[in-house]
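Working through the structure, step by step
Here's the letter readout for the chains.
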Amino acid sequence: MDEPKKNSETFWRTPLDYKEIKKRKGEVTIIEDLCKGCGFCIEFCPTESLERSDKLNSKGYHPPVFNPENCTGCGFCERVCPEFAIIAEKIEVEVK
Ligand code: SF4
Ligand code: SF4
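Residues numbered from 1 in each chain as written. Chains lettered and ligands numbered in written order. Predicted model: local features only at pLDDT ≥ 70, side-chain atom pairs only at ≥ 80, totals over all residues.

1. Points about the site of ligand 1
Around ligand 1, 15 residues are found, and the nearest of them are Cys 45, Ser 49, Cys 71, Cys 74 and Cys 77. Of all the elements in the fold, those that place two or more residues in the shell around ligand 1 are strand S1 (22-30) and helix H2 (76-80). Grouping the amino acids of the shell around ligand 1 by side-chain chemistry returns nine nonpolar, six polar and no charged. (Near = placed C-beta within 6 Å. Helix = DSSP H or I, 4+ residues; strand = E, 2+ residues; numbered from the N terminus. Nonpolar A, V, L, I, M, F, W, Y, C, P; charged D, E, K, R; others polar.)

2. A short note on the environment of Gly 73
Along the chain, Gly 73 turns up in the loop between strand S3 (64-66) and H2. Using a count of 18 C-beta atoms within 10 Å as the deciding quantity, one classes Gly 73 as partly exposed. When the C-alpha positions of Gly 73 and Ala 88 are compared, they lie 6.2 Å apart, and in sequence the two are 15 residues distant. Sequence-distant contacts of Gly 73, that is, excluding residues within four places in its chain, are made with Arg 24, Lys 25, Gly 26, Ala 88, Glu 89, Lys 90 and Ile 91. (Buried ≥ 20, exposed ≤ 12 C-beta atoms within 10 Å, placed from the backbone. Contact = placed C-beta atoms within 7 Å.)

Here you go:
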């Protein structure tokens, strides 16, 4: 069996089902012109994957920007957005 690569997710032993393990990640789409810049999504994201952008949308608000690095696809941002400006999707990626 191939050994997993050395990284932050290195296991202390190799699980028997290592090759089938998939990590759950998320993909977030922001409909910028619906955003009113309330910041709820930024405040409630448990992985700090959203932050306020410097640019303005067509209404003059600052929409969030998404950093996919740590997003788990939990969907909190979509649920708390009062303007339905966020769509969060879960995707599964290989651990390797
Ligand atoms: S899906 Fe969850 S982890 Fe990803 S940006 Fe939204 S609140 Fe954050
Ligand atoms: S919760 Fe919705 S309206 Fe508020 S800043 Fe985030 S995307 Fe914009």
